[in-house]
Amino acid sequence: MNIYITSNISDDDRREKLYEGSIFVHAPSPSALKLCALAQQLIEEAFHPYEPLTVQEKLPVEECARILGILKPKFIHHPKSKEYIQGMLTELGCDLEKTYFDVPRMRTAFPGDYLKSGIAYAFHPHRDTWYSAPFCQINWWMPIYPINSENCMALHPSYWDRPVKNGSSQYNYYKWNLDSRQNAAQHVKADTRIQPRPEEPMELEPQVRLVGDVAGAYQFSAAQMHSTVPNTSPVTRYSIDFRTVHLDDVVNRVGAPNVDSACTGTTMADYLKGTDFSNLPAEAIALYLDGTEIEYAFAAVTKKA
Ligand SMILES: [Fe+2]
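Parameters at a glance
- Residues numbered from 1 in each chain as written.
- Predicted model: local features only at pLDDT ≥ 70, side-chain atom pairs only at ≥ 80, totals over all residues.
- Heavy atoms only, no water.
- Core = buried A, V, L, I, M, F, W, Y, C linked by side-chain atoms within 4.5 Å.
- Buried < 20%, exposed > 50% of the residue type's maximum accessible area, 1.4 Å probe, protein only.
- Helix = DSSP H or I, 4+ residues; strand = E, 2+ residues; numbered from the N terminus.
- Donors = N, O, S within 2.8 Å, 3.2 Å for Na, K, Ca; no water.
- 1 Å grid on protein atoms, 1.4 Å probe; cavity = no way out; pocket = protein on both sides within 12 Å on 5 of 7 lines; lining within 4 Å.
- Points joined across faces, edges and corners; volume = space filled by probe spheres on them.
- Nonpolar A, V, L, I, M, F, W, Y, C, P; charged D, E, K, R; others polar.
- Polar contact = N/O pair within 3.5 Å; in protein donor to acceptor, adjacent residues only side chain to side chain.
- Expected span 1.5 Å × (residues − 1).
- Contact = heavy atoms within 4.5 Å.
- Disulfide = S-S within 2.5 Å.
- Pairing = 2+ DSSP bridges.
- Patch = residues over 30% accessible without salt bridge, like charges linked within 9 Å, V, L, I, M, F, W, Y side chains within 5 Å.
- Areas by Shrake-Rupley, 256 points an atom, 1.4 Å probe, with all protein chains shown as cover.
- Salt bridge = Lys/Arg side-chain N within 4 Å of Asp/Glu carboxyl O.

Participant: Looking at this model, I keep getting lost on the nonpolar core. Mind explaining?
Facilitator: F47, W140, M142 and L280 are the most contacted members of the largest nonpolar core, which totals 54 residues. Only α2 (30–47), α3 (61–76), α4 (79–91), β3 (99–101), β5 (138–143), β10 (237–246), α6 (247–252) and α7 (282–286) provide two or more residues apiece to this core. In terms of residue count, α2 provides more of this core than any other element does, eight residues in total.

Structure below.
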C-alpha cells in the first residue's frame, strides 16, 4: 500500500491509484475545517452542559443514544454540510461537474463497552463493497476532535487482493433500507440487524491506523478492508465520513477489483452531483441495476399499505 501525503497529483491520477489500493492523506482544507466546526457546534449543543469527549462518564447509555438519534440526522441534513463538502472537494482537486457525493455521516466510537451498537455501531472488518457500494466508490474520513491511535479507524491492507469468506451474498441494499436503517437508534444494547461479516478468522495485523489532525481527511477505496479500532482510550472519537464517485468511472465501469463481494442492489442512486445535488443520469445508474430494485420497491409499497 502506498500512502500519499498532501499530494498535488490530479484527481484522475489519484483515483487510478486509489483503485490500486493506495491511500491519500490531506491537510485540513478551509471547508473541511468549517465542516468540523459545524459538527463540533452541533455536538456541543446536543450534549450541553457535558464535555463531548467524556460524555460517557455522565450520561446513561440510553440517554446518549437518544441524543445521538437527533444529533446525527441533524448534521447529515444541515444545509451547510453539503455546502462545505462542495468547498472541500473543490479545494482538494475534484471536478464538481463530474464528482457526486453522498451526504456526510457523523460517527462516534465510545471508550470501552459504552454504546457499541445501533446509532453508534462499531464496525467489524468489512469492505463497503460488501454493502452494495460500487467499486468506483471512494471513501473520505476525518476526525471532528483530536483522535489518538487507540480510538481511530484501521485499514487492513493485506486483504486488498486477498478474498475473505463473508456474508455479503445475503446483503441487499434496498432490503437493508427497508428493514433496518430506520431502527438504528433502537439497538442500544445489541445489534440484531444482519450485516455482511467475515465468516472466517481474520488476520488484523498488519494494520494501518492513520492519526490525522482535526479536518485532515484521508481517502481510500470502498474495496479496502477497514474496521473501527476498539476504543481503549479514555475519550470518545467523533468523525465524519462521506463517499464520492466520478461520472467517468461510473459510466466506464472503472474501479477497484472485486475479490470477494457478492451483495445485490446498488447505492448508485444516492450520490448527488457536486454542483447542484442532482442524481446521476438515469442511464448511468441503470448500468448497476440487477432487478432487485423492483422486487423491493414492491415490498416497500406493500409495507406502507
Ligand atoms: Fe465502511
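Participant: How should I be thinking about the coordination of the iron ion in this particular structure?
Facilitator: For the iron ion, the full set of protein donor atoms is H126 (NE2), D128 (OD) and H226 (NE2), and the range of their distances to it is 2.2 Å. Linear spacing of the donor residues for the iron ion on their chain is H-x1-D-x97-H. In this structure, H126 and D128 share a single accessibility class: buried.

Participant: Looking at this structure, I do not really get the layout of surface pockets. What am I missing?
Facilitator: The gaps left among the atoms become clear once a water-sized probe is rolled over them. Roughly 260 Å³ of internal volume is contained in the second largest pocket. What lines the second largest pocket is a set of 18 residues, among which A133, P134, F135, R253 and Y288 lie closest to the centre. Here the residues of the lining of the second largest pocket are counted per class, giving eight nonpolar, eight polar and two charged.

Participant: Teacher, can you tell me more about the environment of D276 here?
Facilitator: Tracing the chain through its elements places D276 in the loop between β11 (272–273) and α7. Along the backbone, D276 and Y100 are 176 residues apart, and their C-alpha atoms lie at a distance of 9.9 Å. A polar contact is formed between the side chain of D276 and the side chain of S278, at a distance of 2.7 Å.

Participant: What is the right way to look at α3 in this model?
Facilitator: Counting along an α-helix, one turn takes 3.6 residues, and residues three or four places apart therefore face a common direction. Across its 16 residues, α3 extends 22 Å between first and last C-alpha, which sits within 8% of the 22 Å expected from 1.5 Å per residue. Each element contacted by the buried residues of α3 is listed here: α2, α4, β4 (105–109) and β10.

Participant: Please clarify how the environment of L272 should be interpreted in this entry.
Facilitator: Structurally, L272 is set in strand β11. Judged by its relative accessible area of 14%, L272 falls in the buried class. In this structure the C-alpha to C-alpha distance between L272 and E44, which are 228 residues apart in sequence, comes to 29 Å. Beyond its immediate chain neighbours, meaning those up to four positions away, L272 contacts K82, T99, Y100, F101, V103, F277, S278 and N279.

Participant: Would you take a moment to explain the state of the cysteines for this structure?
Facilitator: Cysteine pairs can be linked by a disulfide, which is a covalent bond between their two sulfur atoms. Evaluation of the coordinates by the stated rule reveals zero disulfides. For C36, which is in no disulfide, the shortest distance to another cysteine sulfur is to C152 and amounts to 16 Å. A relative accessible area of 1% places C36 in the buried class. Cysteine C136 remains unbridged, with the sulfur of C94 as its closest cysteine sulfur at 13 Å. For C136, a relative accessible area of 1% corresponds to the buried category.

Participant: Which parts of the structure should I look at to understand the sheet that holds strand β7 (residues 208–209)?
Facilitator: In any sheet, the strands associate via hydrogen bonds between backbone groups, in a parallel or an antiparallel arrangement. One open sheet accounts for three strands, arranged β7-β6-β9; its pairing is antiparallel. Of all strands in the sheet, those with a lone pairing partner are β7 and β9 (226–228), marking the two edges. Note that strand β6 (residues 153–155) and β7 share two bridges and pair antiparallel. Counterpart to L155 in the pairing with β7 is V208.

Participant: Please explain a nonpolar patch on the surface as it appears in this structure.
Facilitator: On the surface, M1, I3 and I5 cluster together into a nonpolar patch covering about 280 Å² of accessible area. Residue class for I5 comes out exposed when judged on its relative accessible area of 60%.

Participant: How should I be thinking about unusual backbone geometry in this particular structure?
Facilitator: Leaving glycine aside, a negative phi is the common case for residues, and trans is the common case for peptide bonds. Cis geometry marks the peptide bond from H48 to P49; its omega dihedral reads 10°. Along the chain, P49 turns up in the loop between α2 and α3. Here the residue pair E205 and P206 is connected by a cis peptide bond, since its omega of 0° sits within 30 degrees of zero. When you line up the elements, P206 lands in the loop between α5 (173–179) and β7. In the Ramachandran plot, T6 falls in the positive-phi region, its phi being about 40° despite a non-glycine side chain. With respect to the element layout, T6 can be found in the loop between β1 (3–5) and α1 (11–18). Within the chain, S132 stands out as a residue other than glycine whose phi angle is a positive 70°.

Participant: Teacher, can you tell me more about the pairing of strand β8 (residues 218–221) here?
Facilitator: Residues in a regular strand point their side chains to alternate faces of the sheet. Burial of the side chains of β8 extends over both faces: Y218 and F220 are buried on one face and Q219 and S221 on the other. Bridge count for strand β2 (residues 23–25) against β8 is two bridges, and the pairing is antiparallel. Counted as the bridge partner of V25 is Y218 from β8. Of the pairings in the sheet, the one linking β5 to β8 comprises four bridges and is antiparallel in character. Bridge pairing in β8 links N139 to F220.

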